[in-house]
Amino acid sequence: SQTIHQWPATLVQPVGSPLSLECTVEGTSNPNLYWYRQAAGRGLQLLFYSVGIGQISSEVPQNLSASRPQDRQFILSSKKLLLSDSGFYLCAWSAPRTGGPNSPLHFGNGTRLTVT
Amino acid sequence: AQRVTQPEKLLSVFKGAPVELKCNYSYSGSPELFWYVQYSRQRLQLLLRHISRESIKGFTADLNKGETSFHLKKPFAQEEDSAMYYCAPPNNAGNMLTFGGGTRLMVKP
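Rules used throughout
Residues numbered from 1 in each chain as written. Chains lettered and ligands numbered in written order. Predicted model: local features only at pLDDT ≥ 70, side-chain atom pairs only at ≥ 80, totals over all residues. Heavy atoms only, no water. Helix = DSSP H or I, 4+ residues; strand = E, 2+ residues; numbered from the N terminus. Contact = heavy atoms within 4.5 Å. Areas by Shrake-Rupley, 256 points an atom, 1.4 Å probe, with all protein chains shown as cover. Pairing = 2+ DSSP bridges. Axes fitted to C-alpha atoms, helices over the stretch in contact; angles between N-to-C directions. Core = buried A, V, L, I, M, F, W, Y, C linked by side-chain atoms within 4.5 Å. Buried < 20%, exposed > 50% of the residue type's maximum accessible area, 1.4 Å probe, protein only.

Student: Is there a simple way to explain the overall build of chain B in this structure?
Tutor: A count of helices and strands for chain B gives zero helices and ten strands. Secondary structure elements in chain B, listed N-terminal to C-terminal, are β-β-β-β-β-β-β-β-β-β. Of the contacts formed within chain B by residues at least 6 apart in sequence, a portion of 58% connects residues at least 24 apart. For chain B, the accessible surface area stands at approximately 5,500 Å², while carbon and sulfur atoms represent 50% of it.

Shown next, in the form of structure tokens:
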């Protein structure tokens, strides 16, 4: 069966420090991978998605970047954190679209990031 | 632009009362919509999808193209239904789509 792992679960970082959140998926190949941010009262915001190694898409300008160095690994990074980067970050995967109905998202447990 | 909206941030009902969580969409073409749920201290997970036309934990959701809605309904709410519910568009990687704002359901004893 497929599983998704996301770590760390919580993180407290000072302003200006770098960030690296990691997400890995097991039990599936060539998944679509996603990073979301969940803000209180503001729902889920899609930050990045990837359909393959080295392929990252984002339309939300921000202080964050994403990378996919391996098929089932997705990393969210920042060179210098801002206070506004605080939030709850969720990684998710879905099966690649093959012309049929869209497959649902499967979420990790999330990372609570506090920038101080 | 394709969009999904959930007009209610909070819905509070008593146990045994009917529940309807609203979701409206603006789409061109045939939408494929989902409902996700996040219980306390659990990960966000799929509740149901409209193409399957199934009932999960007593919840159903019917796509109403005339009203462009995909409301989530349950005839008799249970305390364990208390959670955050998100209506979601398809996760087509060709579109950068964001979930609805979510509705927190509180079922009181």
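Student: When you look at the sheet that holds strand β9 (residues 83–88) of chain B in this model, what are you seeing that I'm missing?
Tutor: Each strand in a sheet pairs with its neighbour through backbone hydrogen bonds, running either in the same direction (parallel) or in the opposite one (antiparallel). Residue and element names in this part refer to chain B. Here we have five strands laid out as an open sheet, ordered β2-β10-β9-β5-β6, and mixed in their pairing. Edge positions in the open sheet fall to β2 (10–14) and β6 (45–49), since each of these has one partner strand only. Put simply, the sheet's adjacent strands are angled 25° from each other on average, direction ignored.

Student: What is the right way to look at the sheet that holds strand β3 (residues 19–26) of chain A in this model?
Tutor: All names here are of chain A. The four strands lie next to each other as β1-β3-β8-β7, forming an open sheet whose pairing is antiparallel. The two strands at the open ends of the sheet, each matched to only one other strand, are β1 (3–7) and β7 (65–70). Adjacent strand axes in the sheet meet at a mean angle of 20°, parallel and antiparallel pairs treated alike. Pairing geometry for β1 and β3, over five bridges, is antiparallel. Residue pairing for β3: H5 is matched across the bridge by T24.

Student: Can you walk me through unusual backbone geometry in this structure?
Tutor: Trans is the common state for peptide bonds, and a negative phi is the common state for residues other than glycine. The step from W7(A) to P8(A) runs through a cis peptide bond, and the omega angle for that step is 0°. By secondary structure assignment, the location of P8(A) is in the loop between β1 and β2 (10–13). Positive phi, close to 65°, is recorded for R41(B), a residue that is not glycine. Examined against the element boundaries, R41(B) turns out to sit in the loop between β5 (34–38) and β6.

Student: Can you help me understand the nonpolar core in this one?
Tutor: The tendency in soluble globular proteins is for nonpolar side chains to be buried as a group. Membership of the largest hydrophobic core comes to 23 residues, with the highest contact counts inside it found for W35(B), L72(B) and Y85(B). When residues of this core are traced back to their parent elements, those giving at least two are β2, β3 (19–21), β5, β6, β9 and β10 (103–108) of chain B. Here this core gets three residues from one element, more than from any other, and that element is β9(B). For L72(B), the contacting residues outside a window of four places in its chain are V19(B), E20(B), L21(B), W35(B), L47(B), L48(B), F59(B), T60(B), A61(B) and Y85(B). Counting residues in hydrophobic clusters, the runner-up holds 19 residues, among them I4(A), F48(A), F74(A) and C91(A).

Keep in mind that these numbers describe shape and distance, not what the molecule does.
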